[in-house]
Structure formats: structure tokens, C-alpha cells
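# Survey of secondary and tertiary structure
Each chain is listed here by its residues.
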Amino acid sequence: MTTTGPARTPDIDFDPAALQRFLAQRFGGSADPFRMSRIGGGQSNPTYFVDFGDRRMVLRKQPNGEILRGAHAIDREYRVLEALIATDVPVPRPILYHADADLLGTPFYLMERLEGRVFHDCALPELAPAERRGIYLGMVEALAKLHAIRPQDVGLADFGRPGSYFERQIARWSKQLAASPGDPVPALARVEAWLRENLPADDGMVAIAHGDFRLGNLLFHPEEPLVMGILDWELSTLGHPLADLGFCCMPWHTAPDEYGGILGLDHAGLGIPSRREFVAHYQAHAVPTAPLARFHVAFALFRFAVIFVGIADRARAGNAASADAARLGPLAGRFAGRALEVIETTDW
């Protein structure tokens, strides 16, 4: 039987032996093997694969160090997984939530580990054209399934404030931007002002909004274009479904070196649907909503730009979840510029 687990390393910012003892007390049985490894790619909450005996799990925790109030709310992540596991929305099965920070330095939770494919490059270079099309359509079908769930039916009626979603979100991200100690991004101020001036009337639509619904946060079946698990629910809340849909459309408006966008590529030749076809496929599967407008995509680009500002701030503070966080910080200005392009384009 394994008596020692992995040692603390720069990738593991807590004592693995403490986790091993906790799991032994919680689950009992054989702890052989006990293995841990850090999952790269995430920019916020540190995430690890954990093998404990025959249990294959994923652990997510808050980052060490000072964090903004309300940020890295892994208790909310766990709650939404518990609420959705009994629906047809594809999510990993939650296992346990541990609120006491004494064990690992921060609260954490465990969920089942699913085996499948994750794609971070929206051009999907490893796939054939027909497969690329299937992945995009499978992605938007999973989003439609999420938005079809009535929050009150799964115990999430109080998961956020219904109504005035975009107004409140603009205020929230503007406040976070103003609190950044980094250099100002002038283009972001222009986008913020446009969003406030062009805020659509509240139509009363309320859904469970993922908040970061993109290709890199989806786990696909090993062989089929089917989403097996929607991951990273840190930004989820009650919101407007068009916020998620607008966020999904960002790759059509960002370049390959801007977090893996597809702007400028031959979409038809690659087998990737156009943005209009992608949106039409969502509308064919989703609860009826208002049309997607340039406001929704500009808002998504603005919000993601502010997220990149936060990533740069955490990199400077030394508590970013990813080693390449400093490289991503400059994308704030580029995403702000892309938002201005959406605002100013005549082709919508």
C-alpha cells in the first residue's frame, strides 16, 4: 500500500499528505495509488487530477493569497453542479465540498473525472472539416440545454438577482476595472461608455448563465461531437441567455493569437459554421429569445478584457493560477479593440 503521496512542488501549493489523510478518513479503503497532478490551462481556480485508490477525481480550490470579495466562489461552482446533475445538462458528478481552509489553505471541492477531449484552439487543427462542424454545433446544443433549465425547478431560484442583468454586469465589471492597480486601457473606457449608452431594455429573460461558456471549458466525448461535461462554473449566476451566446461568438471576432480565435480564417474550408449559422442553430434548439445583437458580443468582449486585466493583476501579485498569466495580460487591450470593431462595423 502506498504510504506516501506526491510531494509538495511549485505546481502543488498545499500539503498533499494532508489531502491523502482526509480522503482516507472520508472514503476509507485502500489509498493505493494516491497521485496528484496540476491541470494546466486555467487562469483562476487551481485545478488538479487526484487518484485515490480506484477513485479518479478532479479537485478545484481557491488560489492562495488575497482575492477580491466574491471572486473564486467555488462554493457556487459546487452548488450549480449539484443542481444540474439530475438534468440533461452535461456536468461532472460532484463528490464533496470542503469549506474549512485549514486543510489545504483554501476551501476546495472534488468532482468526478470524466475522460474525453478538450479543445483550446477554436480552429480545431487536429480535426477534419466535418468533425469541426459537429464540435461547434454540439457546443451550442449544450448551451441551449443549459438555458432551457428553469432555475426554480432545480433549486437555483436564489442563485442570482433576476432582471436588469446587463446593467448590473456592466456596473460590476466597470467597478472591477476601476479597482485594478495596473495601467488604464483607454479603449476599455470607450467600450464601457458605449455599452451604457446602448443598453437594451430588460425583456425579463432569466436563465442559468455559465459566464465563461467557450470551447476550452467543454469536455467532449472521445469520438463523438457530444459535450460530456461543462466545466469551470466560477462565473455562473442567474442571467440573460444572450450573454452566454454572445460570449460563444467571440472567436469569430478575435484572431488566432488572441486566445485562439478564428477571425481571418477560411471558416467554410475548415468546416466551421459561420457566426450566423452558429446562432441560428442555437435558436433552433433553445427557448425563444430576442435576436443576438452587436451589444451582446461587445459586452462579452468587454467583460473578457476586464478578466484579462485581472489576470495581469494576479500575475504581478504572484498568485495567478497559470504560469503564462503575464503573457495573457496584454490581451485586455486587444479585446477592447475587437469590441470597438464590433461596435463600429456595418456588417451585422
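Residues numbered from 1 in each chain as written. Predicted model: local features only at pLDDT ≥ 70, side-chain atom pairs only at ≥ 80, totals over all residues. Heavy atoms only, no water.

### What about the packing of aromatic side chains?
What counts here: The pairing test for Phe, Tyr and Trp rings, Trp by its six-membered ring, is centres within 6.5 Å, and the orientation test on the planes gives stacked under 30 degrees, edge-to-face over 60, and tilted for anything in between. Only DSSP runs of H or I covering at least 4 residues are called helices, and only runs of E covering at least 2 are called strands; the numbering of each starts at the N terminus. Each residue gets one of three labels from its accessible area relative to the maximum for its type: buried under 20%, exposed over 50%, partly exposed in between, using a 1.4 Å probe on protein chains only.
Applying the stated criterion across every chain, the model contains 21 aromatic pairs. Ring geometry for Phe34 against Phe52: centres 6.4 Å apart, planes inclined by 75 degrees, an arrangement best described as edge-to-face. Of this pair, Phe34 sits in strand S1 (residues 34-38) while Phe52 sits in strand S2 (residues 47-52), placing them 18 residues apart in sequence. Judged by relative accessible area, which is 4%, Phe34 ranks as buried. One aromatic cluster is present, formed by Tyr165, Phe166, Trp194, Phe295 and Phe299 through successive ring pairs.

### Observations regarding the packing of helix H5 (residues 186-197) against helix H11 (residues 331-344)
In plain terms, the rule: Orientation is described by lines fitted to C-alpha atoms, with helices fitted over the stretch in contact, and by angles between N-to-C directions that extend from 0 to 180 degrees. Small angles under 35 degrees read as roughly parallel and large ones over 145 as roughly antiparallel, with 65 to 115 read as roughly perpendicular and the rest as oblique. Left-handed describes a crossing whose near helix is turned anticlockwise from the far helix by less than a right angle; the clockwise case is right-handed. Between two residues, a contact is recorded if the distance between any of their heavy atoms is within 4.5 Å.
Between H5 and H11, the shortest axis-to-axis distance is 8 Å and the interhelical angle comes to 40 degrees. Between H5 and H11, the angle is such that the two are oblique. As H5 packs across H11, the resulting crossing turns out to be left-handed. Contact with H5, carried on its side by Ala187, Leu188, Arg190, Val191 and Trp194, involves Ala336, Gly337, Ala339, Leu340, Ile343 and Glu344 of H11 and no other residues of that element.

### Section: the pairing of strand S5 (residues 108-112)
A regular strand carries its side chains on alternate faces of the sheet. To be explicit about the condition: Strands were regarded as paired on the criterion that DSSP finds at least two bridges between them.
Counting buried residues in S5 gives 4 out of 5 residues, a clear majority hidden from the surface. Here strand S4 (residues 94-98) pairs with S5 via 4 bridges, running antiparallel. Note on S5: the bridge partner recorded for Leu96 is Leu110.

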